[in-house]
Amino acid sequence: MTVVSSTRSTPTDGPASPNSAEPAGRKKTDGMTIAGIALRTPYWVFTGAVALIFLAPLAWTAVASVSPQPGTNQVDGWGFGNYQTLAAYQAGIWRYLANSAFVSLLTVALTLLVSFLGGYAFARFRFPGKNILFLVTLAILMVPYATLLIPLYVLLNQVGLQNSLVGVALVLTMFQLPFSTFLMRISFEAVPRELDEAAMVDGCSSFGALWRVLLPAVKPGLITVGLFSFLAAWNDFMAPLILINDSERMTLPLAVSNLRGQVQGVVDYGATEAGVVVLALPCIVLFLLLQRHYVRGFMSGALKG
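As the structure is a prediction and not an experimental result, all values here were calculated from the model.

Rules used in this analysis
Residues numbered from 1 in each chain as written. Predicted model: local features only at pLDDT ≥ 70, side-chain atom pairs only at ≥ 80, totals over all residues. Heavy atoms only, no water. 1 Å grid on protein atoms, 1.4 Å probe; cavity = no way out; pocket = protein on both sides within 12 Å on 5 of 7 lines; lining within 4 Å. Points joined across faces, edges and corners; volume = space filled by probe spheres on them. Helix = DSSP H or I, 4+ residues; strand = E, 2+ residues; numbered from the N terminus. Nonpolar A, V, L, I, M, F, W, Y, C, P; charged D, E, K, R; others polar. Salt bridge = Lys/Arg side-chain N within 4 Å of Asp/Glu carboxyl O. Buried < 20%, exposed > 50% of the residue type's maximum accessible area, 1.4 Å probe, protein only. Expected span 1.5 Å × (residues − 1). Bend = angle between axes of the 7 residues up to and from the residue. Polar contact = N/O pair within 3.5 Å; in protein donor to acceptor, adjacent residues only side chain to side chain. Arc of directions from axis to C-beta.

## Looking at the layout of surface pockets
- In this structure, the largest pocket occupies an estimated 380 Å³ of space.
- Along the walls of the largest pocket sit 13 residues, with Phe-54, Leu-55, Leu-58, Phe-287 and Leu-288 positioned nearest its centre.
- Ranked by the residues each element gives to the lining of the largest pocket, the list is headed by helix α1 (residues 2–66), at five residues.
- Residue composition of the lining of the largest pocket, grouped by class: twelve nonpolar, one polar and no charged.

Okay, structure coming up:
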């Protein structure tokens, strides 16, 4: 009987020890979670405060564009009277949106094409004076933007591209190429050479390896370059101001600036805020859609050993 009772007590005591250990493990996990939250709380508070600082002007602009303001088309009540003023200004907002979209998309296409091929050449080929040529390309970044617009105005006038949206896109592309080429070079250098060498062994040409193997590998860098080019071209004010004379060929930033003081120098703040909202929306949407690729493009090459 003594033996039977001891054998019966063993199974009851056996499972009891793991169950007694579980609360201790849970307490330890809960303690680590609380400690992690306590350590991350200052980071969350700081980043949240910075986000509020940057988002506050955008929120104020959006509210001001639909709020009643004296001297505007939206005097009483909340509504879209300021947007109606913007839509009916001179050639109309759709014409200015089309001009800005054309300049921005052409700038993005030219920048992607030239920087993609230039970054590939600087990263994969060896030729005399490569580093010097790359430094000269980057040296354009040290030249003030406004100082080159007058010489470029004279040059574009001689070739018949002054007062042309194509000429504006070419100028904006020129100023985007140094940084874009630099970013594409480090993106290509982050890709192992064995990939394109293996593709060439399998029968691909240099262009085939570039198109089929390297292009998908540097896609985040291309998206980053395209996003930067679009934002710069969409929001640029100086180049259209100097190069465009025809009111129907103005881009949206230039049209909003002219709308700001259209009536005897009196500032129409409501229509101006509406124009700022229309200008900001495509940039915000594109950045939110491409944020993941944007971060990956900037990180490409950072951990290259």
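Moving on, there is more to tell.
## So, the pattern of salt bridges
- According to the stated counting rule, one finds four salt bridges in the structure shown.
- Between Arg-95 and Glu-248 there is a salt bridge, and its shortest N-O distance comes to 3.9 Å. Here Arg-95 is found in helix α3 (residues 93–124), whereas its partner Glu-248 is found in the loop between α10 (238–243) and α11 (252–260), with 153 residues between them in sequence.
- Looking at Glu-248, the relative accessible area reads 40%, which means it is partly exposed.
- The salt bridge partner of Arg-249 is Asp-246, with a shortest N-O separation of 3.9 Å.

## A word on helix α6 (residues 165–189)
- For α6, which comprises 25 residues, the first-to-last C-alpha distance of 35 Å matches the rise-based estimate of 36 Å (1.5 Å per residue) to within 8%.
- The largest bend in α6 amounts to roughly 45° and is located at Leu-177, with the proline Pro-178 lying one to four residues further along.
- By the criterion of burial, α6 is predominantly enclosed, with 18 of the 25 residues buried.
- The backbone nitrogen of Val-166 has a side-chain oxygen 3.2 Å away, supplied by the residue at the start of α6, namely Ser-164.

## Some thoughts on helix α5 (residues 149–158)
- All of the buried residues along α5 are Leu-149, Leu-152 and Leu-156. Considered in projection along α5, the buried side chains sweep an arc of 60° and stay on one side of the axis. The outward face of α5, more than 90 degrees from its buried face, is lined by the exposed residues Ile-150 and Gln-158.
- Two residues or fewer past α5, Gly-160 is found with a positive phi of approximately 80°.

## A few points about empty space enclosed by the protein
- Applying the stated criterion to the full structure yields one cavity of 30 Å³ or more.
- There is about 30 Å³ of room inside the largest cavity.
- Forming the walls of the largest cavity are Ser-100, Ser-104, Ala-233, Trp-234, Asp-236, Pro-240, Thr-251 and Pro-253.
- Where the lining of the largest cavity is concerned, the elements lending two or more residues are α3 and α9 (219–235).
- Partitioned by chemical class, the residues of the lining of the largest cavity number four nonpolar, three polar and one charged.

These figures come from the coordinates and say nothing about function on their own.
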